[in-house]
Amino acid sequence: MRYAETGFNLEIDLSRGNIERVETDPKETELYLGGLGTNAKILWDRVPPEVEPFSPDNLLIFSAGLLCGTPAPGCNRTIVTTVSPQTRLMAFSMMGGFWAPELKYAGYDKVIIRGKSPNLVYLWINNDKVEIRDASHLKGKGAVETQELIQQELDEPKAQVAAIGLAGENRVYMASIEQGRSSASRQGIGAVMGDKNVKAIVVRGTKDINVAQPDEFLELCNEVLEYIKFRNENPIPGVMTILQGLGSPQEMATHDEKWHTENFMWGNSRVRRKDFWNEEIAKEWKETMESMQTRLISCYNCPMKCGATITPPGQTTYMMKCFSKLTYTMAAFSNLAFGLGIAQKATEYGVDGFSTPQVMAFALELYENGILTDQDMPGMPSDNEGRFLWLLDRIVRREGIGDVLANGTYWAAKEIGNGAEEYAHNNIKKHEQLPLKLSMLNPIYFLMYCTGEKINITQIEGQFPQAPYPKREDREAFVKDWFQVPDEKFKQYFLDWELRGENSMPYYPTVQMCCDIVDWQERMHYIDDALGMCSGLSSFPLKPPYHMHNYPKFISAGAGLDMDEDKLTQAARRYRTLVRANNIRRGMRRKDEKPPEDHWKKRFPELEAELLDTYYKFKGWNNQGIPTKESLHELGLDYVSEDFVQREILKDNEGTPSKETLAEKEKK
Ligand code: SF4
């Protein structure tokens with residue numbers, strides 16, 4: 001019997017119209033867990049690097065995490081994997097909501113889509129009955145609107161619908177997949193769904209999931225719920241509001257946006273408004289939020305209620321996601337009412353709330369600097385808010401300049417030329433990043449930014465505080481109940497971290513300590529992404545309810561795998577390396593692993609090189625970031641090194657850099 005997982009994937013070939021229910025190998029679950037882990041393995045096995053994002057041979061994989069559908073609180077993530085048109089690398093965007101548990105209850109762990117449909121279709125997965133249905137009547141419909149129309153059409157109000165809007169249909173690189181109360185937004189996965197001509201995937205499931213040791217599992221769940229309650233009643237003192245509690249940083253229940261508005265950049269990620277937040281704005285924004293907020297909501301089986309449904313005047317209701325609450329407002333130097341209104345349109349169009357405002361602000365910056373002219377922007381309104389709405393419409397329709405901007409700032413700047421590339425200044429791995437420009441290098445975040453392959457905001461957040469506490473007694477108080485650390489040494493790292501002097505940034509935490517911290521933070525993200533856990537309850541906040549000590553117990557009692565901390569660490573390292581291997585095979589190298597030039601004002605090139613050298617070594621990668629034969633062997637990934645040798649990415653004699661590596665080194 002299979003526990004926690006169903007043991008079956010749904011394979012759909014759109015070109016041939018073929019649907020198959022395929023039993024999976026339990027050995028793969030032992031090695032790669034599920035969710036992201038097994039997605040990475042499937043992509044490795046079946047999508048060689050020659051396959052382009054918009055090729056019928058590219059796969060689009062929707063996976064429920066290993067523990068989704070069990071009673072584990074907050075375990076509801078769908079992990080969507082494909083080759084990204086934006087980065088040309090492996091994408092693994094997540095969404096919360098209700099879709100993943102529903103898929104499990106329908107009897108599947110993953111939906112694997114290949115090929116392309118000749119016409120627009122939607123997939124209807126109703127337990128054992130699976131159909132490819134015509135969706136021509138849904139062409140051009142909004143992503144949220146589509147969800148409602150399909151539920152009505154099928155007379156299935158409980159069906160969960162993941163849909164794209166106009167942006168996905170038009171293969172806009174920022175296109176998202178929207179679903180109930182969440183979305184998978186990063187890396188243009190909605191564009192791949194549009195390219196395959198799939199408007200929506202609809203799921204209804206009424207079966208059960210087996211849990212290996214139900215009593216033990218429920219006890220663990222209760223411990224988590226009790227801890228959530230405790231933490232809500234006892235927020236962490238001394239850190240900014242968003243770090244005091246659990247959940248994602250949506251701040252729908254609280255309205256204190258001082259930290260975000262004054263520390264993140266406005267416009268095209270360039271302007272910091274240090275004294276923006278005052279009493280008047282706090283009052284105005286609170287009134288705006290309270291007048292438009294319909295109710296606070298949660299994803300499946302989560303008590304956090306960290307999201308909200310929003311109804312702007314004259315517009316339909318939508319779910320506000322995460323930091324999108326502020327992105328449009330800040331890009332347009334406008335107010336919250338404008339931000340919430342345009343976000344409704346953007347949600348229906350189905351676009352990433354992080355990249356899209358940056359792309360629009362980038363276009364206006366080019367216009368203000370004469371790189372784009374009136375000829376490029378015929379009929380654009382003269383007011384800033386009007387311009388944002390005008391640009392959004394053009395981008396999702398790929399009309400005029402919108403067709404160029406629809407490829408994101410990196411590719412658009414290349415196409416526009418004439419100095420535009422200097423304005424696309426906030427990218428890593430060809431993708432728009434967090435609109436942050438800070439003063440002095442933070443070595444921990446440097447490593448997370450450089451080596452992160454998830455390309456989203458949470459990849460650079462973790463369980464170690466972002467900055468030292470000025471007073472030793474506060475640090476002592478913090479470490480007292482910090483039981484989540486995987487090793488006691490992390491407490492000492494934090495205790496000795498000072499604001500100034502010898503033990504301050506950028507040389508403290510030391511390079512070795514930074515490697516330990518980044519490795520821990522990253523490990524937790526990767527475990528979440530295989531299990532389907534919301535990072536808001538695990539890898540994202542300080543002192544979360546899920547951590548390195550209780551996760552093995554959850555996996556043992558839930559999935560029936562014989563798991564302990566070492567084995568879990570090893571499994572996470574294995575599929576984390578496999579994600580990297582997919583990207584290395586697609587050409588990613590050290591040259592791609594750098595934060596934006598002006599991300600910090602004060603940079604330390606020698607220290608940065610040492611950080612990367614040491615971290616690569618620590619991870620078992622060579623100085624180009626390529627996993628070595630030895631480390632691949634240790635992880636049971638010899639098939640990867642064989643492929644690398646065949647492609648001359650690695651030399652046969654382990655550790656020796658390949659011709660390509662040496663040439664790149666010389667160029668530098
Ligand atoms: S913490 Fe928030 S985002 Fe995460 S599962 Fe709960 S409600 Fe959803």
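Placed above this text is the structure.
Model, not experiment: these values are computed from the prediction.

## What to know about the sheet that holds strand β10 (residues 177-179)
Logical step 1: Taken in spatial order, the six strands make up an open sheet running β8-β7-β12-β9-β10-β11, and their pairing is mixed. A strand with exactly one partner marks an edge of an open sheet, and here the two such strands are β8 (129-134) and β11 (182-184). Strand-to-strand twist of the sheet, defined as the mean angle between neighbouring strand axes without regard to direction, takes the value 15 degrees.
Logical step 2: Strand direction decides the pairing type here: strand β9 (residues 160-163) and strand β12 (residues 198-204), joined by four bridges, are antiparallel. From the neighbouring strand, Gln160 faces β12, where its bridge partner is Val203.
Logical step 3: With respect to the sheet, helix α3 (residues 99-106) is in contact with β7 (121-126), β9, β10 and β12, its orientation differing from that of β12 by roughly 60 degrees.

## Remarks on the site of the ligand
Logical step 1: Taken together, Asn76, Arg77, Gly247, Ser298, Cys299, Cys302, Met304, Cys306 and Cys534 make up the full set of residues adjacent to the ligand.
Logical step 2: Each residue belonging to the shell around the ligand can be placed in one class, and the counts come to five nonpolar, three polar and one charged.

## Focus on the environment of Phe604
Logical step 1: Position of Phe604 relative to the elements: it lies in the loop between β19 (600-602) and α23 (605-619).
Logical step 2: Distance in space between the C-alpha atoms of Phe604 and Leu441 is 7.2 Å, their sequence separation being 163 residues.

## Some words on helix α12 (residues 336-349)
Logical step 1: Spanning 14 residues, α12 covers 20 Å between terminal C-alpha atoms, matching the ideal 20 Å at 1.5 Å per step.
Logical step 2: Burial analysis of α12 places 12 of its 14 residues in the buried class, the great majority of the element.
Logical step 3: Looking one or two residues past α12, Gly350 carries a phi angle of roughly 75 degrees, positive in sign.

## Here's the deal with the state of the cysteines
Logical step 1: Taken as a whole, this structure holds zero disulfides when the rule is applied.
Logical step 2: The cysteine Cys75 is free of any disulfide, with Cys68 supplying the nearest cysteine sulfur at 4.2 Å.
Logical step 3: Cys515 provides the cysteine sulfur closest to Cys514, a residue in no disulfide bond, and the two sulfurs are 7.0 Å apart.
Logical step 4: Using a relative accessible area of 0% as the deciding quantity, one classes Cys514 as buried.

Cut-offs and rules
Residues numbered from 1 in each chain as written. Predicted model: local features only at pLDDT ≥ 70, side-chain atom pairs only at ≥ 80, totals over all residues. Heavy atoms only, no water. Pairing = 2+ DSSP bridges. Helix = DSSP H or I, 4+ residues; strand = E, 2+ residues; numbered from the N terminus. Axes fitted to C-alpha atoms, helices over the stretch in contact; angles between N-to-C directions. Contact = heavy atoms within 4.5 Å. Near = heavy atom within 4 Å. Nonpolar A, V, L, I, M, F, W, Y, C, P; charged D, E, K, R; others polar. Expected span 1.5 Å × (residues − 1). Buried < 20%, exposed > 50% of the residue type's maximum accessible area, 1.4 Å probe, protein only. Disulfide = S-S within 2.5 Å.

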